[in-house]
Amino acid sequence: MGRGKLRIYLGAAPGVGKTYAMLSEGHRRVERGADCVVGFVEHHDRPRTEVMLHGLEQVERKALTYRGAAFTEMDVDALLARRPAMALVDELAHTNVPGSRNAKRWQDVEELLRAGIDVVSTVNIQHLESLGDVVESITGVRQRETVPDEVVRRADQVELVDMSPQALRRRMAHGNIYKPEKVDAALSNYFRPGNLTALRELALLWVADRADEYLQQYRGEHGIRSTWQARERIVVGLTGGPEGRTLVRRASRIAAKGSGSEILAVYIARSDGLTAASPKELAVQRTLVEDLGGTFHHVIGDNIPDALLAFARGVNATQIVLGSSRRPSWQYVLGPGVGASVARDSGPDLDVHIVTHEHVAKGRGLPVARSAARLGRTRIIAGWAVGTILPVLLCLLLTHVDADLGLANDMLLFLSLTVAAALLGGLWPALASAALGSLLLNYFFAPPLHRFTVSDPKNIVAIAVFFGVAVSVASVVDLAARRTHQAARLRAESEILSFLAGSVLRGETALDALLERVRETFAMESVALLERASDVEPWKPACSVGPSPVARPEDADVDMPIGDHLALALSGRVLPAEDRRVLGAFAAQAAVVLDRRRLVDEAEEARRMAEGNRIRTALLAAVSHDLRTPLASIKASVSSLRSADVEWSEEDRAELLEGIEDGADRLDHLVGNLLDMSRLQTGTVTPLIREIDLDEVVPMALGGVPEDSVLLDVPETLPMVAVDPGLLERTVANVVENAVKYSPAGEPVLVAASCLGDRVEVRVVDRGRGVPDEAKERIFAPFQRYGDAPRGAGVGLGLAVARGFAEAMDGTLTAEDTPGGGLTMVLTLRAVPGARAVERATVGAGAGTTARPTEPTGPTEPMGPAGPTEPTGPTGSTGPTELDHDRDRMTRQKAGPR
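The written sequence of each chain sets the order in which its residues are numbered from 1. Thresholds applied to this predicted model are a pLDDT of at least 70 for local features of residues and 80 or more for the giving and counting of side-chain atom pairs; totals over whole chains, interfaces and linings are not thresholded and use all residues. To get the side-chain values, take all heavy atoms of the structure and skip hydrogens and water.

**Q** For the sheet that holds strand E12 (residues 319–323), give the residues involved together with the corresponding values.
**A** Paired strands are those between which DSSP finds at least two bridges. The helix count covers DSSP runs of H or I at least four residues long, the strand count covers runs of E at least two residues long, and both are numbered beginning at the N terminus. Spatially, E11-E10-E9-E12-E13 is the arrangement adopted by the five strands of the open sheet, whose pairing is parallel. The strands lining the two open edges of the sheet, one partner per strand, are strand E11 (295–300) and strand E13 (351–355). Ignoring which end each strand starts from, the neighbouring axes of this sheet average 25° apart. Bridge count between strand E10 (residues 262–269) and E11: six bridges; the pairing is parallel. Bridge pairing in E11 places Ile268 opposite Val299. Each axis is a line fitted through C-alpha atoms, taken for helices only over the stretch in contact, and angles between the N-to-C directions span 0 to 180 degrees.

Here is the structure:
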């Protein structure tokens, strides 16, 4: 019996339509005659999901009791006994009730697969075990129900059910995901736009990575070595030199010519000490690559062309971008260079671009910062070859060529080989060359020939002088090489230390970037910063970079203690003693960055707490006074009316009832503003935009102020505006009520409208004492009351709500000085192009009846790429602006903040 196949619908968040898509697939299988049953589906009281269950056979759930409560779980035994061809099992990451057959639902699914039953399931990206910490850092919520990544990766098919954050929040606001009483809390917490965008990106990247893994697996199984140009991947070879920025920008322009192109910058370091590249320049190039949407990679390899080609083929690259060599022309006699070698060995599947730049053939500067004791295996071998093989070849050449150069010239030729051996391999190859040269000169060129005796005393002196000069020259050359390398090393170290000092002064707090620089500088595989609370506590990683970082300093190839409870652990190779000085500077900087990051986090947390305390204090003040005042008035009036000791006249009863009504209106206004501000802060205000005349809305917004307190000037020739009538009415009402409150007695507020280009302005002008320029923006903040505003005049939300509603309709609300004294509020709205009142035809015989465009039915939810997702309900069925259309809000009190 073969293993069943697993198909998973993956989503970024609840409500994107995974279960709906799974049930749709079940209906399609049933229509094609397949034996498909529902093993477990939780519809969460979503009516459209519940409807999709109709027509599908459902296996009865297993009832369980836990701690006195009844639960139901999927009945695995019943499914195994039923043996359908396919089972639909929702919520793969679900934890079963204790006492179930398995602890996790994915384990139930594994049993079904082993029994040969195909399974279709669902899971959200936040339930993958490896992403738990990432999701917690994004949403602030730790996912307790997780599924191992390997279970999802082993699935035969993973299909992404995608939906934009805006569409998902709209679906939430319509009540299609959670019950209405939970909508506001969800939208203001887990379902914030930033959270949903980050989770969506995680899901897209996870699916894209799995597609790459499958492609690499397929290529490996079929032995495919050539590059498959599924999409353009451009590898940029960096040396850490000044030409790197030019190469990165050139690669970005190449990538911009095709959609979906990817840039991978790679720096290849040798494995024998401090790298030759400038860490500052590499950091700048890394930042540039990341700013352009690429990725930076660090690879260790002694053979640069081979390592570069291996990396390019490993990532399935299609193009390589290299810079023209900075080597002087004479150095090409030593080899063709990296660019030529890569172009020669790249093959037909890799295009190599050689980019010219202003540093071509200007040299690389000082040598690599290595000590003479570690010249590298290649150079030492070359030194010994020059010191031992070339003297023999030179001797054969001189003895077989009929040219008597004389002993002095022969010595000079052998001396040149000794100097070359010293330059390449250091002192010991040069000494060997001097000794071998002396023997060859004695045997082949000093009479008597072919004997190790010298008849002429002058020749004895000459050979002795040759040996002494050769040894002296080799020592001087080796010493000069040592000093040059030491200077280069000190230069590299000073550049690193200068860069670290600059990062301290700049206040950089990117700990992972600092550790990445440590890894690049010392050519390590991984670097970890470990800490522990005390000497008896286990080590915990504060930050790490690279694959497989160590968990304890004892396991590292190099560890650098930083105080008693902090250590920097490096793995990859053992560092020489002279490198530990620079490593100590990096370790000290890492400790500073860690402390600074924690201080910043603490300061941010303190700021959030202070802001929360300010909001709570303002809200408590509002509840304690502004809400209690009208409640006390209502209570007193009701108590008076119910009193049996007093006989109230009709006039008195009417006055008390009017006081009750006024208090209720004030409460309605205050609570309405609080609810509106809550909706604005959670981003759930969804305007229902329509084309309307200002003269239809603005007069209705004046119902909450005395008739003689406002002068209205709204011309009939104004163009129509594209607004939400309810939101516009609330906006104008709050602004007008605020202006009337601060206007002097006998000075009516002017409400005037005019057209400016494609915008319509509504100006609310009062003659009060005005607002200073520095306070004009502050009056729009929540819970702000200006100057000597009396207690009970509002909670300070009127203008904040008005601006929020204006911006939700793609408008603006600003404050200006009124000429002659006072304040002018300017509400700017979007005009409908070409629609003026005088141009609209009348309909029928009734004058003043105008034709209206049909109201849009509202947006519908998009369908997911994997098939139909859950449809939404009627537009505005639970929309956030319904309360704003209630006409009973017209009886507002003259209250509003400034």
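**Q** Requested: an account of the packing of helix H12 (residues 304–314) against helix H13 (residues 338–345), with residues and values cited.
**A** Between H12 and H13, whose axes approach to 9 Å, the crossing angle comes to 45°. Between H12 and H13, the angle is such that the two are oblique. Taken as a pair, H12 and H13 cross one another with a handedness that is right-handed. Side by side, H12 and H13 meet where Ile304, Pro305, Leu308, Leu309 and Arg313 of the first sit next to Val338, Ser341, Val342 and Asp345 of the second. Under the convention adopted here, Pro, Cys and the residues Ala, Val, Leu, Ile, Met, Phe, Trp and Tyr are nonpolar, Asp, Glu, Lys and Arg are charged, and Gly plus all remaining residues are polar. Its residues assigned to classes, the contact of H12 with H13 comprises six nonpolar, one polar and two charged. Angular relationships are summarised with four words: roughly parallel below 35 degrees, roughly antiparallel beyond 145, roughly perpendicular across 65 to 115, and oblique for the angles in between. By definition, any crossing whose near helix is turned counterclockwise from its far helix by less than a right angle is left-handed, and any crossing with a clockwise turn is right-handed. Pairs of residues are marked as contacts when any of their non-hydrogen atoms sit within 4.5 Å.

**Q** Quick rundown of the pairing of strand E7 (residues 118–124)? Include the residues and the values.
**A** Classification of residues uses two cut-offs on accessible area relative to the type maximum, computed with a 1.4 Å probe and protein chains only: under 20% is buried, over 50% is exposed, and between them is partly exposed. Judged by how many residues are buried, E7 sits mostly within the fold: six of seven residues are covered. The sheet contact formed by strand E1 (residues 6–11) and E7 spans six bridges and is parallel. Of the residues in E7, the one forming a bridge with Gly11 is Asn124. Where strand E6 (residues 86–89) meets E7, four bridges bridge the pair, whose relative direction is parallel. Residue pairing in the sheet places Leu88 in a bridge with Val120 of E7. Note on handedness: a clockwise path from strand one over the helix to strand two, with the strands aimed away from the viewer, defines a right-handed crossover. Note on the crossover from E6 through helix H4 (residues 105–114) to E7: the handedness is right-handed.

**Q** Hey, could you go over the side chain of Arg519 for me, with residue numbers and the actual values?
**A** Following the sequence through the fold, Arg519 ends up in helix H18 (residues 511–521). Counted as a polar contact is a pair of N or O atoms within 3.5 Å, where, for protein atoms, one must be capable of donating a hydrogen and the other of accepting one, and residues adjacent in sequence contribute only when both atoms are in side chains. In this structure the side chain of Arg519 is engaged in a polar contact, spanning 2.8 Å, whose partner is the side chain of Glu516. Ignoring sequence-local partners within four residues, the contact set of Arg519 consists of His298, Met524, Glu525, Ser526, Val527, Val545 and Gly546.

**Q** An account of the sheet that holds strand E3 (residues 57–58) is requested, with residue identities and associated values reported.
**A** Taken in spatial order, the six strands of this open sheet run E3-E2-E6-E7-E1-E8, and their pairing is parallel. Edge positions in the sheet fall to E3 and strand E8 (157–161), since each of these pairs with one other strand and no more. Sheet analysis places strand E2 (residues 36–40) next to E6, joined by four bridges and oriented parallel. Residue Phe40 lies in a different strand from E6, and its bridge partner there is Val89. Across the sheet, helix H1 (residues 18–31) lies against E1, E2, E6, E7 and E8, angled at about 145° from E1, the strand it touches most.

**Q** Account for the packing of aromatic side chains, naming residues and giving values.
**A** Stacked, tilted and edge-to-face are the three classes assigned to paired rings of Phe, Tyr and Trp, where Trp is represented by its six-membered ring and a pair needs centres within 6.5 Å; plane angles under 30 degrees give stacked, over 60 edge-to-face, the rest tilted. Counted according to the given criterion, the structure contains two aromatic pairs. When the ring of Tyr190 is compared with that of Phe191, the centres are 5.7 Å apart and the planes differ by 65°; the resulting orientation is edge-to-face. Three or more aromatic residues joined by ring pairs form one cluster here, namely Tyr178, Tyr190 and Phe191. Of note, Arg61 hangs over the ring of Phe40, and the distance from its end group to the ring centre comes to 4.0 Å. Of note, Arg803 hangs over the ring of Phe780, and the distance from its end group to the ring centre comes to 3.9 Å. Distance and angle both matter: a charge sits over a ring if NZ of Lys or CZ of Arg is within 6 Å of the ring centre and within 35 degrees of the ring normal.

**Q** Any details on the environment of Ala255? Residues and values, ideally.
**A** Considering the arrangement of structural elements, one finds Ala255 in helix H10 (residues 244–256). Between the C-alpha atom of Ala255 and that of Ile234, which follows or precedes it by 21 residues, the distance is 7.3 Å. Ignoring anything within four residues of it in the chain, the contact list for Ala255 reads Ile234, Ser261 and Ile263.

**Q** Give me H1: which residues, what numbers.
**A** Expected span of a helix, by definition, is 1.5 Å for each gap between consecutive residues, and there is one gap fewer than residues. Taking 1.5 Å per residue as the helical rise, H1 with its 14 residues ought to reach 20 Å, and the 20 Å between its terminal C-alpha atoms agrees with that figure. Most of H1 sits inside the fold, with ten of its 14 residues counted as buried. Every buried residue of H1 is accounted for by Lys18, Thr19, Tyr20, Ala21, Met22, Leu23, Ser24, Glu25, Gly26 and His27. One or two residues past the end of H1 sits Gly33, with phi positive at roughly 90°.

**Q** Just give me the short version of the layout of surface pockets, but keep the residues and values in it.
**A** A water-sized probe rolled over the atoms picks out the places where empty space is left. Each cavity reported here is a set of points on a 1 Å grid over the protein atoms alone in which a 1.4 Å probe fits but cannot get out, each pocket an open set with protein on both sides within 12 Å along at least five of seven lines, and each lining residue one with an atom within 4 Å of a point. Grid points are joined across faces, edges and corners, and a volume is the space filled by probe spheres set on the points. Each pocket or cavity is described by its volume, and for the second largest pocket that value is around 580 Å³. Lining the second largest pocket are 25 residues, with Pro14, His44, Arg46, Glu91 and Asn124 positioned closest to its centre. Elements supplying a minimum of two residues to the lining of the second largest pocket: H1 and E7. Tallied by class, residues from the lining of the second largest pocket come to eight nonpolar, eight polar and nine charged.

**Q** So what about the pattern of salt bridges? Which residues, and what values?
**A** We count a salt bridge whenever a side-chain nitrogen from Lys or Arg sits within 4 Å of a carboxyl oxygen from Asp or Glu. Per the counting criterion, the structure on display carries 28 salt bridges. Its salt-bridge partner being Arg344, residue Asp345 comes within 3.1 Å of it at the nearest N-O pair. A salt bridge links Glu516 to Arg519, with the nearest nitrogen and oxygen atoms 2.8 Å apart. Pair noted here: Glu516 and Arg519 are both in helix H18, with a separation of three residues, about one helical turn. When its relative accessible area of 11% is taken as the criterion, Glu516 is described as buried. Overlapping salt bridges bring together Arg7, Glu25, Arg28, Arg29 and Glu159 as one network.

**Q** Let's hear about the packing of helix H7 (residues 165–173) against helix H8 (residues 180–188): which residues, and what values?
**A** Between H7 and H8, the least distance of the axes is 9 Å, while the angle of their chain directions is 155°. Here H8 runs roughly antiparallel to H7, going by the angle between their axes. Residues Arg169, Met172 and Ala173 of H7 form the contact with H8, whose participating residues are Val183, Ala186 and Leu187. When the residues that make up the contact of H7 with H8 are grouped by side-chain class, the tally is five nonpolar, no polar and one charged.

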